[in-house]
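# Topology and contacts: notes
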Amino acid sequence: LSNVELLSMVVWYQLARPGLPLIYGAGGTFVDLRTAVFRGHTQETDLLGLALCDLAHWYELPVNVNGLSTGAHHLGLEALANGARSGLVYTLAGADELFGIGLLNGAQTLSLEKLFLDAEMVRVMRSIVAGGPGSSFEEWQMGEASEYEWAAQRVRQILASHQTDPLPDGLPDELYRIAAAHVI
């Protein structure tokens, strides 16, 4: 059903704008029938996502799949284990993008602390796929802090000290031009 829905959207978009670049959004998942909560963090969802990844590759489309997601309500072992499992599975399957970075509670809650830890996890996953060195827990220097406390401290440091680089001259105008050219 997910594949049929995606293919129908591809057809409609290509009819409206032939050659429009598209990303196969492999968001097939299950819903908890008791709570109607998105269940994008189960092993069954991972298996469905792998099948959708394969279909996207067969169609030669880049694929966005639900990785690093969790049903956990707070940052801790469950959240990190769910994210590590699904993120690594999809990274090894060749997914181009992962959905769910920084999200808790079945994609209902954004956590900056989880976003920070997930970014590190993505770096490690990319390193594994590339066959290069990753990070080690010694680099994290958590001390006695919990994952949440340590990540919260790092997020506060980043927010307090981060300075954005200015965009190169002319780039904002170019981005607006590109966006306007692809309006359906």
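Summary of the structure given here. Because the structure is predicted, anything quoted here is derived from the model rather than measured.

Cut-offs applied
- Each chain has its residues counted from 1, following the order in which its sequence is written.
- It should be noted that, the model being predicted, local features are given only for residues of pLDDT at least 70 and side-chain atom pairs only at 80 or more, the latter also being counted only at that level, while totals for whole chains, interfaces and linings use all residues.
- Based on all heavy atoms of the structure, the side-chain values leave hydrogens and waters out of the count.
- Orientation is described by lines fitted to C-alpha atoms, with helices fitted over the stretch in contact, and by angles between N-to-C directions that extend from 0 to 180 degrees.
- Counting from the N terminus, the helices are DSSP H or I runs at least four residues long and the strands are E runs at least two residues long.
- Put simply, a crossing is left-handed when the front helix is turned counterclockwise from the back one by less than a right angle, and right-handed when it is turned clockwise.
- Throughout, a contact is declared for two residues whenever any of their heavy atoms are within 4.5 Å.
- Asp, Glu, Lys and Arg are counted as charged, while Ala, Val, Leu, Ile, Met, Phe, Trp, Tyr, Cys and Pro are counted as nonpolar; the rest, among them Gly, fall into the polar class.
- Within this document, salt bridges are pairs made up of a side-chain nitrogen of Lys or Arg and a carboxyl oxygen of Asp or Glu, the two lying within 4 Å of each other.
- Relative accessibility thresholds used throughout: buried, under 20% of the residue-type maximum; exposed, over 50%; partly exposed, between the two (1.4 Å probe, protein chains only).
- Strands are treated as partners if at least two bridges between them are detected by DSSP.
- Clockwise travel from the first strand over the helix to the second, with the strands pointing away from the viewer, marks a crossover as right-handed.
- Between N or O atoms, a polar contact is any pair within 3.5 Å; within protein, one atom must be a potential hydrogen donor and the other a potential acceptor, and residues adjacent in sequence are included only when both atoms are from side chains.
- Two joining distances apply to patches: 9 Å for like charges and 5 Å for nonpolar side chains (Val, Leu, Ile, Met, Phe, Trp, Tyr), and every residue must have over 30% relative accessible area and no salt bridge.
- Methods summary: accessible areas were calculated by the Shrake-Rupley approach with a probe of 1.4 Å, and residue burial reflects only the protein chains presented.
- In plain words, nonpolar cores are sets of buried Ala, Val, Leu, Ile, Met, Phe, Trp, Tyr and Cys residues tied together by side-chain atoms within 4.5 Å.
- For this analysis, a ring pair means two rings from Phe, Tyr or Trp (six-membered ring only for Trp) whose centres lie within 6.5 Å, classed as stacked if their planes differ by under 30 degrees, edge-to-face if by over 60, and tilted for the remaining angles.

Taken N-terminus to C-terminus, the directions of helix 3 (residues 77-92) and helix 4 (residues 112-130) make an angle of 35°; their axes are 10 Å apart at the nearest point. Seen from above, helix 3 lies across helix 4 with right-handed handedness. Contact with helix 3, carried on its side by Ala-79, Leu-80, Gly-83, Ala-84, Gly-87, Leu-88, Thr-91 and Leu-92, involves Lys-114, Leu-117, Met-121, Met-125, Ile-128 and Val-129 of helix 4 and no other residues of that element. The residue inventory of the contact of helix 3 with helix 4, partitioned by class, reads 10 nonpolar, 3 polar and 1 charged.

Next up on the list: the pattern of salt bridges. Here the structure, examined in full by the defined rule, presents 4 salt bridges. Its salt-bridge partner being Lys-114, residue Asp-118 comes within 2.6 Å of it at the nearest N-O pair. One end of the pair is Asp-118 and the other is Lys-114, both in helix 4 and 4 residues apart, which spans about a single turn. For the pair Asp-118 and Lys-114, a shared accessibility class is recorded, and that class is buried.

To continue, consider unusual backbone geometry. Of note in the backbone geometry, Glu-60 takes a positive phi value of approximately 60° without being a glycine. Tracing the chain through its elements places Glu-60 in the loop between helix 2 (43-58) and strand 2 (63-66). Taking the relative accessible area as the measure of exposure, Glu-60 reaches 72% and is therefore exposed. Backbone geometry places Leu-68, a non-glycine residue, at a positive phi of 70°. Tracing the backbone through its elements, the reader meets Leu-68 in the loop between strand 2 and helix 3. You can call Leu-68 buried: its relative accessible area is 0%.

What follows is about the pairing of strand 2. When strand 1 (residues 24-26) meets strand 2, the two strands line up parallel, connected through 3 bridges. Bridge pairing links Ala-26 to Val-65 in strand 2. Of the pairings in the sheet, the one linking strand 2 to strand 3 (residues 97-99) comprises 3 bridges and is parallel in character. Across the sheet, residue Asn-64 finds its bridge partner in strand 3, namely Glu-97. Taken together, strand 2, helix 3 and strand 3 constitute a β-α-β crossover, and its handedness is right-handed.

Let us look at the side chain of Asn-3. With respect to the secondary-structure elements, Asn-3 resides in helix 1 (residues 2-16). At 2.6 Å, the side chain of Asn-3 and the side chain of Tyr-24 are in polar contact. Those residues within four positions of Asn-3 in sequence are excluded, and the remaining contacts are Tyr-24, Leu-52, Leu-55 and Tyr-59.

A separate point is a nonpolar patch on the surface. There is a patch of nonpolar side chains on the surface, built from Leu-110, Leu-112, Leu-115 and Leu-159 and spanning about 390 Å² of accessible area. If you trace the backbone, Leu-159 turns up in helix 6 (residues 147-161).

The nonpolar side chains of soluble globular proteins are, as a tendency, buried together. Ranked by size, the top nonpolar core spans 25 residues in total, and within it Tyr-24, Val-63, Val-65, Ala-95, Leu-98 and Leu-117 carry the most contacts. At the level of secondary structure, the elements contributing two or more residues to this core comprise strand 1, helix 2, strand 2, helix 3, helix 4 and helix 6. Ranked by residue count, the leading element in this core is helix 4, at 5 residues.

Moving on to the sheet that holds strand 1. Reading across the sheet, the 3 strands line up as 1-2-3 and stay open at both edges, with parallel pairing between neighbours. Among the strands making up the open sheet, the edge pair consists of strand 1 and strand 3. Each strand of the sheet is rotated relative to its neighbour by a mean of 20°, with strand direction disregarded. Along the sheet, helix 2 makes contact with strand 1 and strand 2, crossing strand 2 at roughly 180°.

Take the packing of aromatic side chains next. Scanning the entire structure with this criterion turns up 3 aromatic pairs. Grouping aromatic residues by their ring pairs yields a cluster made of Tyr-24, Trp-58 and Tyr-59.

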